[in-house]
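Here is what each chain is made of, one letter per residue.
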Number of protein chains: 2
Amino acid sequence: MKKYLARAAVFALSAPIIMPVAAQDAEQKGAQSPGQIVDAAPASDWVTIAVEDLLVMTLAADTEGNPIQVVIQLMPAPFSQGWIDNIRTLAGAKWWDGTSINRVQDNYVVQWGDASEEKPLPEGLKVMGESDYVIEDSTMADTEANWEATHNVGFSEFSFIDSLDPTRLSTGYADEEYVFAGWPFAANKGEAWPTHCYGMVGVARNYSPDTGTGAELYAVIGHAPRHLDRNIALVGRVIEGMEHLSSLPRGKGELGFYGEDELDKRVSIVSIRMGNSISESDAPAFEYLSTESETFARYADARANRRDPFFIVPAGGADICNIPVPIRRVATD
Amino acid sequence: MKKYLARAAVFALSAPIIMPVAAQDAEQKGAQSPGQIVDAAPASDWVTIAVEDLLVMTLAADTEGNPIQVVIQLMPAPFSQGWIDNIRTLAGAKWWDGTSINRVQDNYVVQWGDASEEKPLPEGLKVMGESDYVIEDSTMADTEANWEATHNVGFSEFSFIDSLDPTRLSTGYADEEYVFAGWPFAANKGEAWPTHCYGMVGVARNYSPDTGTGAELYAVIGHAPRHLDRNIALVGRVIEGMEHLSSLPRGKGELGFYGEDELDKRVSIVSIRMGNSISESDAPAFEYLSTESETFARYADARANRRDPFFIVPAGGADICNIPVPIRRVATD
C-alpha cells in the first residue's frame, strides 16, 4: 500500500485541473449542477461495464403486474473475489430462484437469501478469511498494472483528490478515501478496502470467524454504515432498480427481519442470473463515468461545492458516499 | 461563536471519561453494543421532550386499515424559530389537513404539503431570511444560558467530543461537529447550524432569496445530504414512524415528484397537530438520552468503535450522522 498512498499524495500536489473555489464563486451564476456536468460528458468519458460483472435479480411482479428487476455490478479484482466467485457459482446453479427478501431494516439494509437456512448450497464454494476484507500492500503491487490492462485506467491526474482539498475528505474512518476505477475506497496503514455507501451490496455472515459464502446478500438502504467496513465483505453495488429494495416495507422483527405474523411481506426472488448467461438481446448494458476523467473531477468538485442556482453556500467538502459514481443504462442493439 | 468553539476545545482537552481504545480492546469480549449501553442507562439520563415541541402527523390508513402516525420533534431555540412559529400557526389552522405527500426521491427526501400550490396560507406567517439558516456569535452568547435554564443542560464534560479524537469526527463540512442538548450541530467560522442527517425535517423552498414558509416540509430518507446544510432551514426530526415515510414508493417524475400517471400514489394527510393540542390521554410522550450524560459518551464511543461480538475491526471514528441521539416512547398515565 505504500506505493498506492504515495501516488495519492503526488496527485494531491499536482496542478489542479479545477479552478480554486474562490475563482469559481465569482462565476457562481449559471454554474452547472453535478447532473448537468455529467450529462455534458463526451462519449469517451463513459466506460462499458462488462456484462460478465452484472448480476440480474428478477423479483415477483408488483401488484400491478409489472416485472421488477434489480441490477447489481460486481466489484473488480482484486477485491472480494472469492465471495464473487461463489456468487457466480450460486447464480449459475440457479440457487436463489424461489428464495426471498427476508429482512428490511430502516436506515440500514435489505437482505435476501434462503429464509429456511436449510437449502443445500452448491458444491465447491470457497471459504474466505477475514483478512480478505482488505487488500494488503503485497496484493496492491500487481493491482495497478492489472487494472490498467483490464479496465483501461491509469490512476490519472484527474483522480478526484486533485480537485478537492484532501483534508476536506476525511470522514474519520481512514487516512485516505478516494474513488478510482469506478469505485469508492478507503485506505489506512497499508490496507485498502471498499466502503459501505448507499446501494453497496455485501455478504451477510454469522459471528466471527464466519465470513459468509455469498448466498446471503444485503444492500445498504440508509446512511452509510461505515462501521461495517472491514467487518463484512462488500461484493458490488446496485446500479438499477434500487428503489425496488429501498421502498419495501420494514420488518417488525428483530434486526428488521419479517416477523412470524408478516411473512407475506417477503418478496419472492424469481431468479438471479449473471448478465452473460442472459441472451444478448435481453441482457442489460451499462456504462460508468470514468473516475479518471476530467468530467468526473468537475462532477466531484461540484458535489462538494454546489454552485448551481438553488444553492447559496457551497459545503466546501463532501464525504466519499456523497460523490456516487454516475452510471447509465445504454441501449443494446 | 468564539466562546462556543473555545468551550468545545476545552472539552477535548478535559480528562476523558472513556477508557482509551487500546485498553478497551483488551476487554473486547463481551463488550456492549451501542443499543445495550442505551438500554442500561439510568432513568435520570433520559430527558422529557416537551409535548409542545411535538408535531403529530396522521396519514391515511394503510391497505390493511391500520392508522399511520409519524411524530416529529421540533428544534429548540434559537435555531429556525421563525419557521417553527409558522409551523405552529399552520398546525393550529389545520392547514395541512387534506394535503398530501407529493415527492419521494430515492436516497434523498420525502416531501409533503399542498400539491395544488394554490391553497391560501394562514395570515401572519413570518418571512425568514437566509441568514437565519445559521446562528451567529451574537445569538450564541445567550444560547448557553437559555438552554441551561430551559433544557437543563450544561454543555457538560460528558459531551461526546470528550470520548472521541476530534480529528476523527471531521466530515469535511465544518471545523467542528458535535451533539448537545439532544441535537447534532456543525460549526465553522463563527456560525453554527443543525445538520442534515437521516430523518431530519426541513423547509422546502423555491430559488433564493425565497426561504420557504414551513408549509412545504421534507424528511431526509437517504445518506445525509450535507450539501443542504446552511442552504435550507432544518426545523426538526422524525422521532417515530420514519418507516412510513422511507418505504413509500418513489416518484417517477422529476426530482421524485409523483408524475401525472401516478398521482394515486400520493398519500393523504389526515391531519397534522401540535402535541399539546391533542387530548392528554391521546398525546404521545417521548424522552431523549441526555447528550450530556456519561451514558451518551459511552454510546457515542461504541458507535465509533464497535466492540460487541459481531465486529472484528472498530472503525476508529464516526461521522455525526452515524451517532443518532437515542429517543424512546414512554407510557402516558
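Residues numbered from 1 in each chain as written. Chains lettered and ligands numbered in written order. Predicted model: local features only at pLDDT ≥ 70, side-chain atom pairs only at ≥ 80, totals over all residues. Heavy atoms only, no water.

**Here's the deal with the side chain of Glu262 of chain B**
Residue and element names in this part refer to chain B.
Right, on to step 1. In this fold, Glu262 is placed in the loop between α6 (242-246) and β13 (267-274).
Right, on to step 2. Here Glu262 falls in the buried class, since its relative accessible area comes to 3%.
Right, on to step 3. Contact partners of Glu262, with chain neighbours within four places excluded, come to Arg250, Gly251, Lys252, Gly253 and Phe257. (Helix = DSSP H or I, 4+ residues; strand = E, 2+ residues; numbered from the N terminus. Buried < 20%, exposed > 50% of the residue type's maximum accessible area, 1.4 Å probe, protein only. Contact = heavy atoms within 4.5 Å.)

**As for helix α7 (residues 294-304) of chain B**
Right, on to step 1. Of all eleven residues that make up α7 of chain B, nine are buried, and the element is covered over most of its length.
Right, on to step 2. Regarding α7 of chain B, the residues found buried are Thr295, Phe296, Ala297, Tyr299, Ala300, Asp301, Ala302, Arg303 and Ala304 of chain B.

**Observations concerning the environment of Asn322 of chain B**
Right, on to step 1. Inspection of the secondary structure assignment puts Asn322 of chain B in the loop between α7 and β15 (327-330).
Right, on to step 2. Judged by its relative accessible area of 6%, Asn322 of chain B falls in the buried class.
Right, on to step 3. Along the backbone, Asn322 of chain B and Ile272 of chain B are 50 residues apart, and their C-alpha atoms lie at a distance of 29 Å.
Right, on to step 4. Among the polar contacts made by the side chain of Asn322 of chain B, one reaches the main-chain carbonyl oxygen of Ala224 of chain A at a distance of 2.8 Å. (Polar contact = N/O pair within 3.5 Å; in protein donor to acceptor, adjacent residues only side chain to side chain.)

**Structural notes on the interface of chain B and chain A**
Often, the extent of an interface is quoted as the loss of accessible area on bringing the components together.
Right, on to step 1. Taken together, the contact between chain B and chain A spans 50 residues of the former and 49 residues of the latter.
Right, on to step 2. Between chain B and chain A the total buried area reaches about 4100 Å² when both faces are included, carbon and sulfur atoms providing 52% of it.
Right, on to step 3. Summed over the three residues of chain B that lose the most area to chain A, namely His223, His227 and Phe310 of chain B, the buried surface amounts to 18% of that side.
Right, on to step 4. Our count for the chain B to chain A interface comes out at zero salt bridges.
Right, on to step 5. In this structure, the connection of chain B to chain A is made through 17 residue pairs in polar contact (both at pLDDT 80 or more).
Right, on to step 6. Residue contributions to the side of chain B that touches chain A peak at three residues, all from α6 of chain B.
Right, on to step 7. In the side of chain B that touches chain A, the residues fall into 21 nonpolar, 17 polar and twelve charged. (Buried area = accessible area lost by both parts, 1.4 Å probe. Salt bridge = Lys/Arg side-chain N within 4 Å of Asp/Glu carboxyl O. Nonpolar A, V, L, I, M, F, W, Y, C, P; charged D, E, K, R; others polar.)

**A few points about the pairing of strand β4 (residues 100-104) of chain A**
All names here are of chain A.
Right, on to step 1. Counting buried residues along β4, five of its five residues qualify, which places the element largely inside the surrounding structure.
Right, on to step 2. Taken together, the four bridges between β4 and strand β5 (residues 109-113) define a ladder with antiparallel strand orientation. Bridge pairing links Ile101 to Trp112 in β5.
Right, on to step 3. The hairpin turn running from β4 into β5, its antiparallel successor, is four residues long, and Asn107 in that turn takes a positive phi close to 60°.
Right, on to step 4. Bridging between β4 and strand β13 (residues 267-274) involves two bridges; their strand directions are antiparallel. Residue pairing across strands places Ile101 opposite Val267, the latter belonging to β13. (Pairing = 2+ DSSP bridges.)

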